[in-house]
Amino acid sequence: MPKNKGKGGKNKRRGKNENEGLKRELVFKEDGQEYAQVTKILGNCRLEAVCFDGVKRLCHIRGKLRKKVWINQSDIVLLGLRDYQDAKADVILKYSADEARNLKSYGEFPESVKINETVDFVGGDLDDDIEFDDVDSEDSGSGDDLANDIDGI
């Protein structure tokens, strides 16, 4: 059978990336929307984000963005808030670094927001508090004890 070399089906979509370099109009938040910074990618089109109103929300990436717009940790996104669930939201739009800088200069974001840097939300000093006890090799026992233990089983 001949190979499919035409541009039909998935092959047509694979080669396209038309909106890569286009400048788009800056979208500001409206009622029922909030800016947020992604803290954690959970998988299954879900993520955890800290909104700039101070609430941490579980967010769902809408189908229009799925597999087309890749969202990473510490990205700035626009969320659509839910009327019936305050702890959950939907990702409407991902801002590029330039757009996020513009929004920050317009005063839409708090000054504490870091745009370009990867923010470690968990805390990088987790292993600093671990201490190990020194164990002498004489106290740990010899190989004879291990052989007796194995035979005793």
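For the structure itself, consult the block above.
To keep things clear, this report deals only with the structure shown in the data block. (Residues numbered from 1 in each chain as written. Predicted model: local features only at pLDDT ≥ 70, side-chain atom pairs only at ≥ 80, totals over all residues. Heavy atoms only, no water.)

### Looking at the overall build of the chain
Okay, so step 1: For the chain, the helix and strand inventory stands at 3 helices and 5 strands.
Okay, so step 2: Element order for the chain, N to C, with α for helix and β for strand: α-β-β-β-β-β-α-α.
Okay, so step 3: Counting all 153 residues of the chain, 22% fall into the buried class.
Okay, so step 4: Of the contacts formed within the chain by residues at least 6 apart in sequence, a portion of 53% connects residues at least 24 apart.
Okay, so step 5: Carbon and sulfur atoms form 46% of the exposed surface of the chain, whose accessible area is close to 12200 Å². (Helix = DSSP H or I, 4+ residues; strand = E, 2+ residues; numbered from the N terminus. Buried < 20%, exposed > 50% of the residue type's maximum accessible area, 1.4 Å probe, protein only. Contact = heavy atoms within 4.5 Å. Areas by Shrake-Rupley, 256 points an atom, 1.4 Å probe, with all protein chains shown as cover.)

### Concerning the sheet that holds strand β3 (residues 56–61)
Okay, so step 1: Strand order in this closed barrel of 5 strands is β1-β2-β3-β5-β4, and the pairing throughout is mixed. Geometrically, the sheet is characterised by an average inter-axis angle of 50 degrees between neighbouring strands, direction not taken into account. (Pairing = 2+ DSSP bridges. Axes fitted to C-alpha atoms, helices over the stretch in contact; angles between N-to-C directions.)

### Notes on the nonpolar core
Okay, so step 1: Counting 13 residues, the largest nonpolar core has L47, C59, I71, V77, L79 and V91 as the members making the most contacts within it.
Okay, so step 2: Looking at this core, the elements that each hand over two or more residues are β1 (33–43), β2 (46–51), β3, β4 (76–81) and β5 (88–94).
Okay, so step 3: When residues of this core are assigned to their parent elements, the largest contribution, 3 residues, is made by β2.
Okay, so step 4: Apart from residues lying up to four places away in sequence, L79 is in contact with G32, Q33, E34, A36, A49, C51, C59, A89, D90, V91 and I92.
Okay, so step 5: I76, L78, L93 and L103 belong to the second largest nonpolar core, which has 11 residues in total. (Core = buried A, V, L, I, M, F, W, Y, C linked by side-chain atoms within 4.5 Å.)

Structural measurements only, silent on function.
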